[in-house]
Amino acid sequence: SATTLDSTHFVVAYQDGANSSYGTAIHGTYSPPVVVPTVTTQAVSSIEKTTATGNGNITDDGGDSSATRGICWNTSGTPTTSDSHATNGTGEGAYTVSMTGLTAGTHYYVRAYATNSAGTSYGAVVEFDTVFDKSIADSGSGVETTTIKSQVGLSEAGQGAETSDIKSQVGIGESGAGIETPAIK
């Protein structure tokens, strides 16, 4: 008869011929071997300057319900658990993982992964870019500001007079010399 998973079977050994005898019946339960889990990677969500949310789904735990699930990422492609990574629980199903410490305006590669007693498997690579910090403070320090003002056609003295030698400035403060242009958004 066919063997089915997690089913009980009885076996009796016997000898055929002149000395027919039967052995003691034995029984056992067949459990399939544990294999690596099956995991998929979904698109990254909640993308900010330094954080994002990775999304994965363990569709088969490989016979080991304690499969750890996580997300790994890097900036060079095909990330593994040797790269930046974080976990979120165990078992089958969809999950999210917070990715922190990212760099603004950077391209990242991400994969979902699952690890059980048979090993680690990975989903497909997805890519995303963190939000780029486009603003520069009036002091030029890189601190975020809500408006950016500019002047075009500054003289060497920075007075804003017309000149054939055009220079430009970005991030002129309220007290800066010259004519302010509308905020650049």
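Refer to the preceding data block for the structure.
Here, residues in each chain are numbered from 1, in the same order as that chain's written sequence. Totals for whole chains, interfaces and linings use all residues, but because this is a predicted model, local features are given only for residues with pLDDT of at least 70 and pairs of side-chain atoms are given and counted only at 80 or more. Side-chain measures here rest on the full set of heavy atoms in the structure, leaving out hydrogens and waters.

**Considerations on the sheet that holds strand 6 (residues 52-60)**
Phase 1 of the analysis: When DSSP finds two or more bridges between a pair of strands, those strands are recorded as paired. A run of H or I in DSSP becomes a helix once it reaches four residues, and a run of E becomes a strand once it reaches two; helices and strands are each numbered from the N terminus. Across the sheet, three strands lie side by side as 5-6-9; this open sheet has antiparallel pairing. This sheet does not close on itself; its edge strands, each paired only once, are strand 5 (38-45) and strand 9 (93-99). Ignoring strand direction, the axes of neighbouring strands in this sheet form an average angle of 25 degrees.
Phase 2 of the analysis: Pairing of strand 5 with strand 6 involves six bridges; the strand directions are antiparallel. Bridged to Thr38 within strand 6 is Asp60. Only the contacting stretch of a helix is used when fitting its axis, a line to C-alpha atoms as for every element, and angles between N-to-C directions run 0 to 180 degrees.

**Describing the packing of aromatic side chains**
Phase 1 of the analysis: Between rings of Phe, Tyr and Trp, where Trp is taken as its six-membered ring, a pair exists when centres lie within 6.5 Å; planes separated by under 30 degrees are stacked, by over 60 edge-to-face, and by other angles tilted. Tallied over the full model, the rule gives two aromatic pairs.
Phase 2 of the analysis: Ring geometry for Tyr108 versus Phe128: centroids 5.5 Å apart, planes at 20 degrees, classification stacked. Taken together, the residues span a long stretch of sequence, with Tyr108 in strand 10 (residues 107-116) and Phe128 in strand 12 (residues 126-129) at a distance of 20 residues. Grouping residues by exposure puts Tyr108 and Phe128 together as buried.
Phase 3 of the analysis: Two conditions define a charge sitting above a ring: the NZ of Lys or the CZ of Arg must be within 6 Å of the ring centre, and it must be within 35 degrees of the ring normal. Here Arg111 stacks its cationic end above the ring of Tyr122, 4.0 Å away from the centre of that ring. For every residue, the accessible area obtained with a 1.4 Å probe (protein chains only) is divided by the maximum for its type, and the residue is called buried under 20%, exposed over 50%, and partly exposed between those limits.

**Some remarks on the nonpolar core**
Generally speaking, soluble globular proteins have nonpolar side chains that are buried together.
Phase 1 of the analysis: What is meant by a nonpolar core is a set of buried Ala, Val, Leu, Ile, Met, Phe, Trp, Tyr and Cys residues, joined one to another through side-chain atoms within 4.5 Å. Judged by nonpolar contacts, the single largest core of 18 residues is most densely connected at Ile71, Trp73, Met99, Val110 and Phe128.
Phase 2 of the analysis: Only strand 5, strand 6, strand 7 (68-74), strand 9, strand 10 and strand 12 provide two or more residues apiece to this core.
Phase 3 of the analysis: At four residues, strand 10 tops the list of elements feeding residues into this core.
Phase 4 of the analysis: Among all residues touching Phe128, those that are not within four sequence positions of it are Val44, Ile47, Ala52, Met99, Leu102, Thr106, His107, Tyr108 and Val110. We call two residues in contact when some of their heavy atoms are within 4.5 Å.

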